[in-house]
Amino acid sequence: MRTSAYIGLIMTFLLIGCTRENFLEFEPKGQVIPTKIEDFRALMDQVEPDPNVNFTQGVGGHHDFNILASDNYLLSEEVVTSFGISPEQINVYLFRDQITTENGEDNTWIRYYNLIYVSNVVLQGLDQITDGSPEEIAELRADALIQRAFAYFNLVNIYSVHYDPATASTDLGVPIREGIQLEGLDLSRASVEAVYDLILSDIRGNIAALPDTQPPNLSFRPSKAGAYAFLARVLLYQGKFEEALEAVNNGLAINNSLRDLNQDQADPRDPGVLVFPLAVEDPQLLWFKDSGGFTVVADPEFYALYEETDLRKRWFADARTYFFAEIDDPVLVAHRTNDNPNVSFTTADLYLMRAECNARLGNIQEANEALNALREKRFETGTYVPLQLTDQAELLAFVKDEIRREKAMGTLRTFDIKRYNRFDQEKITVTRSFRGETVTMAPNSLNWAFPIAQNYINANPEIEQNPRD
């Protein structure tokens, strides 16, 4: 494959990392332009994370915003020193009005728009190639569209307020980048509703072209099972619980395997810590997505959500064992090896969404059954007592805590705070104190929509900045 020959071409096309002048001056001299289906497959694969390696590849995911802003995370001077926390990351933690340093780049924005651009290159190219079977072309088109939808889903949830059916048609979303043209671009922000409509269209119109599952070594490509999990999450975020439940059930009909944590291996450096299996060895993995390798430092209140015999408690390690030693007090980190983080879509996500949708719809027994199916694989053998919660409010609250426990190393908590406050009036407030600065993020604050880097707005004035409280 000639993947490397395309990287220079695509990386030059980062959506807003360049000025209009850069776009107009670009000429792809000396570059290999894809012409065959194998070329476009190689191009699509090179921007997706590789589940076979222990480092970030491509632009499949990058989630510092989600992790640092959540109430799962606790920053300290020791953490800054030991983990190399950047000024930009501190800005996120403190919800500042400017995240990037002066004229700085926003890697999250760039990575997702790069994925969108590559997807568009593939989509346009597939309309022109003559080789490849109709089935191969349809699957690759589905891959590109669903990867594009994943990028837009993260962008609109990071840089916009949460979806609200009453205001989504006017709430500022993100620019929709269609095609690969370089001149005459209008990068005005589409509404939140328009972005969600595009996401749903890209997913729903292409699930049928995907294989039911992908081989473990190709799990970075979407499958029907993974796409149904993604579709369910999008619908859940819109408050469409019956439709989300249908998507969940479709996914579980294809794959309902859960990994028993009792079978996971202990870390040789600390037998009290469990090692994540390689992504290619995880039976519950549906669609591999890389988090960018960011370490989650656990807030003690969050860590207290785990029961003693809950094996997920052993996902956390004393950071002194792994990263640094010259501190007085332990710092708990959500430790992982083999880079199989909880950004990926898994059957565990499907069970959690089944539990949440049923709890919200008043299907009490079905919600309990989904929780018990998952939790019995999470506790030490012989210690688990099945749940039987009958109060709907108590059940839903338990589901929300269970999502936090299961997705400890993931990136959903910030999105969840936004949607719980929007749909449930849960009034989750996040207060941060660091280096003499105290910040409180009120429920439904406009500041939950992170600011767009100013240099992108300078280059493209039609991009409207998020209003601040």
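See the structure shown above.
Residues numbered from 1 in each chain as written. Predicted model: local features only at pLDDT ≥ 70, side-chain atom pairs only at ≥ 80, totals over all residues. Heavy atoms only, no water.

**Student:** Please give an account of the overall build of the protein that cites residues and values.
**Tutor:** Check the secondary structure of the protein and you find 18 helices and 11 strands. For the protein, buried positions account for 59% of its 469 residues. When contacts within the protein are restricted to residue pairs at least 6 apart in sequence, long-range pairs at least 24 apart make up 73% of them. (Helix = DSSP H or I, 4+ residues; strand = E, 2+ residues; numbered from the N terminus. Buried < 20%, exposed > 50% of the residue type's maximum accessible area, 1.4 Å probe, protein only. Contact = heavy atoms within 4.5 Å.)

**Student:** I'd like a rundown of the packing of aromatic side chains, residues and numbers included.
**Tutor:** For the structure shown, the criterion picks out 28 aromatic pairs. With 6.1 Å between their ring centres and 70° between their planes, Tyr73 and Tyr93 make a pair best called edge-to-face. On the criterion of sequence distance, the pair formed by Tyr73 in the loop between α4 (64-69) and α5 (77-83) and Tyr93 in helix α6 (residues 87-93) is long-range, its members being 20 residues apart. Residues Tyr73 and Tyr93 agree in their burial class; the two are buried. With centroids separated by 5.9 Å and ring planes inclined at 55°, the aromatic side chains of Phe230 and Trp287 adopt a geometry described as tilted. Of this pair, Phe230 sits in helix α10 (residues 224-237) while Trp287 sits in strand β5 (residues 285-287); the two residues are 57 residues apart in sequence, bridging distant segments of the chain. In this structure Phe230 comes out as buried when scored by relative accessible area, which is 0%. Joined through ring pairs, the aromatic side chains of Tyr112, Phe150, Phe153, Tyr163, Tyr196, Phe230, Tyr237, Trp287, Phe345 and Phe415 make up one cluster. Over the face of the ring belonging to Phe276 we find Arg259, whose NZ or CZ atom lies 5.4 Å from the ring centre. Sitting over the ring of Phe398, Arg405 keeps its end group 5.1 Å from the ring centre. (Phe/Tyr/Trp six-rings, centres within 6.5 Å; stacked < 30°, edge-to-face > 60°. Lys NZ or Arg CZ within 6 Å of the ring centre and 35° of its normal.)

**Student:** Got a sec to walk through the pairing of strand β11 (residues 437-441)? Specific residues and values, please.
**Tutor:** In this structure, strand β10 (residues 430-434) lies alongside β11, joined through 5 bridges in antiparallel fashion. Looking at β11, one finds that Arg432 is bridged to Val439. (Pairing = 2+ DSSP bridges.)

**Student:** If you had to explain the environment of Leu68 to someone new, which residues and values would you point to?
**Tutor:** Following the sequence through the fold, Leu68 ends up in helix α4. By relative accessible area, which is 0% here, Leu68 ends up buried.

**Student:** How would you explain the packing of helix α15 (residues 364-375) against helix α16 (residues 392-406) if you had to name every residue and give the values?
**Tutor:** Where α15 meets α16, the closest approach of the two axes is 11 Å, and the angle between their N-to-C directions is 25°. As judged from the angle between their axes, α15 and α16 are roughly parallel. Along this stretch, α15 crosses α16, giving a crossing that reads as left-handed. Contact with α15, carried on its side by Ile364, Ala367, Asn368, Leu371, Leu374 and Arg375, involves Gln392, Leu395, Phe398, Val399, Glu402, Arg405 and Glu406 of α16 and no other residues of that element. Considered class by class, the residues forming the contact of α15 with α16 number 7 nonpolar, 2 polar and 4 charged. (Axes fitted to C-alpha atoms, helices over the stretch in contact; angles between N-to-C directions. Parallel < 35°, antiparallel > 145°, perpendicular 65-115°, else oblique. Left-handed = near helix turned anticlockwise from the far one by under 90°. Nonpolar A, V, L, I, M, F, W, Y, C, P; charged D, E, K, R; others polar.)

**Student:** Lay out the pattern of salt bridges in plain terms, naming residues and giving numbers.
**Tutor:** Scanning the model with the defined rule gives 32 salt bridges in all. Ionic pairing is found between Asp349 and Lys407, a salt bridge with its closest N-O pair at 2.8 Å. Here Asp349, found in helix α14 (residues 347-361), pairs with Lys407, found in the loop between α16 and α17 (413-424); they are 58 residues apart in sequence, far enough to count as distant. Overall, the relative accessible area of 4% leaves Asp349 in the buried class. Taking the relative accessible area as the measure of exposure, Lys407 reaches 6% and is therefore buried. With a shortest N-O distance of 2.6 Å, Lys400 and Asp424 are connected by a salt bridge. Of this pair, Lys400 sits in helix α16 while Asp424 sits in helix α17, placing them 24 residues apart in sequence. One network of salt bridges, in which partners are shared, links Glu307, Asp310, Arg312, Arg375, Arg378, Glu402, Arg405 and Glu406. (Salt bridge = Lys/Arg side-chain N within 4 Å of Asp/Glu carboxyl O.)

**Student:** Tell me what's going on with the environment of Ala253, and back it up with residues and numbers.
**Tutor:** Within the secondary structure, Ala253 is located in helix α11 (residues 241-254). Between the C-alpha atom of Ala253 and that of Ala225, which follows or precedes it by 28 residues, the distance is 8.4 Å.

**Student:** A description of the sheet that holds strand β7 (residues 316-318) should follow, citing residues and the corresponding values.
**Tutor:** Sheet strands pair by backbone hydrogen bonding; their relative direction is either parallel or antiparallel. Ordered in space as β6-β8-β7, the 3 strands form an open sheet in which the pairing is antiparallel. If you trace the sheet from one side to the other, it starts and ends with β6 (296-297) and β7, each paired once. The sheet contact formed by β6 and strand β8 (residues 332-334) spans 2 bridges and is antiparallel. The partner of Val296 across the bridge, within β8, is Ala334.

**Student:** Got a sec to walk through unusual backbone geometry? Specific residues and values, please.
**Tutor:** Trans peptide bonds make up the majority, and among non-glycine residues the majority have a negative phi. At Gln425, a position not held by glycine, the phi torsion is positive, near 50°. Structurally, Gln425 is set in the loop between α17 and β10. Phi at Asn444 is positive, roughly 60°, even though this residue is not glycine. Mapped onto the secondary structure, Asn444 falls in the loop between β11 and α18 (454-459).

**Student:** Residue-level account of the nonpolar core, with values.
**Tutor:** Grouped together as the largest cluster of nonpolar side chains are 141 residues, with contacts concentrated most on Tyr73, Ile199 and Phe230. For this core, the element with the most residues is helix α8 (residues 134-158), which contributes 14 residues. (Core = buried A, V, L, I, M, F, W, Y, C linked by side-chain atoms within 4.5 Å.)

**Student:** I'd love a proper account of α10, names of residues and values included.
**Tutor:** Between its terminal C-alpha atoms α10 stretches 20 Å, which fits the 20 Å expected from 14 residues at 1.5 Å a residue. Counting buried residues in α10 gives 14 out of 14 residues, a clear majority hidden from the surface. Directly beyond the C-terminal end of α10, a positive phi value near 80° is found at Gly239. (Expected span 1.5 Å × (residues − 1).)

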